[in-house]
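# Observations on chain architecture
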Amino acid sequence: CTVVPDPPEPGAAIPNIIVAGDPDNGQFRPQVESLNGDLYELTIYNRNGLQMFATTDPTTAWEPSATVQQGAYTYVLRVRYTTGIIHSYVGTFLVIK
């Protein structure tokens, strides 16, 4: 009998810093592995709790406009993986100008 280990949990690579206007690092777009496709919700808030961006399309990124202030922003990301697991990620990232 051979014990087969469980496959690793799917995950997401979420940026912690973006540089507004930078062609290589100027977008906030989490990279999610093994995404089922029927649940993807990304919302971004400023430090006052004002919603700055929302999408249900994993290919759509947030590009801060020229009027967006430098500083910390909060994201809430809900996804369903191909395993059926629904996971919520909540955190902050910096926008640098």
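A tally of helices and strands in the protein yields zero helices and seven strands. The order of helices and strands in the protein, counted from the N terminus, is β-β-β-β-β-β-β. Viewed in the frame of its principal axes, the protein has a C-alpha envelope of about 60 × 25 × 20 Å. Across the 97 residues of the protein, 31% fall into the buried class. Restricting to contacts in the protein with at least 6 residues of sequence separation, those with at least 24 account for 53%. Accessible surface, the protein: about 6300 Å² in total, of which carbon and sulfur atoms supply 50%.

Bringing the nonpolar core into the picture now. By size, the foremost hydrophobic cluster in this structure holds 18 residues, and its most contacted members are Phe28, Ile44, Trp62 and Phe93. Elements represented by at least two residues in this core include exactly β4 (35-45), β6 (71-81) and β7 (86-96). Counting residues per element, this core draws most heavily on β6, at five residues. The residues contacting Phe93, other than those within four sequence positions of it, are Pro15, Asn16, Ile17, Ile18, Phe28, Ile44, Trp62, Gly71, Ala72, Tyr73 and Tyr75.

Right, let's talk about unusual backbone geometry for a bit. Even without a glycine there, the phi angle at Ser34 is positive, about 55 degrees. Considering the arrangement of structural elements, one finds Ser34 in the loop between β3 (31-32) and β4.

Procedures and definitions
Residues numbered from 1 in each chain as written. Predicted model: local features only at pLDDT ≥ 70, side-chain atom pairs only at ≥ 80, totals over all residues. Heavy atoms only, no water. Helix = DSSP H or I, 4+ residues; strand = E, 2+ residues; numbered from the N terminus. Buried < 20%, exposed > 50% of the residue type's maximum accessible area, 1.4 Å probe, protein only. Contact = heavy atoms within 4.5 Å. Areas by Shrake-Rupley, 256 points an atom, 1.4 Å probe, with all protein chains shown as cover. Core = buried A, V, L, I, M, F, W, Y, C linked by side-chain atoms within 4.5 Å.

So yeah, pure geometry; function would need other evidence.
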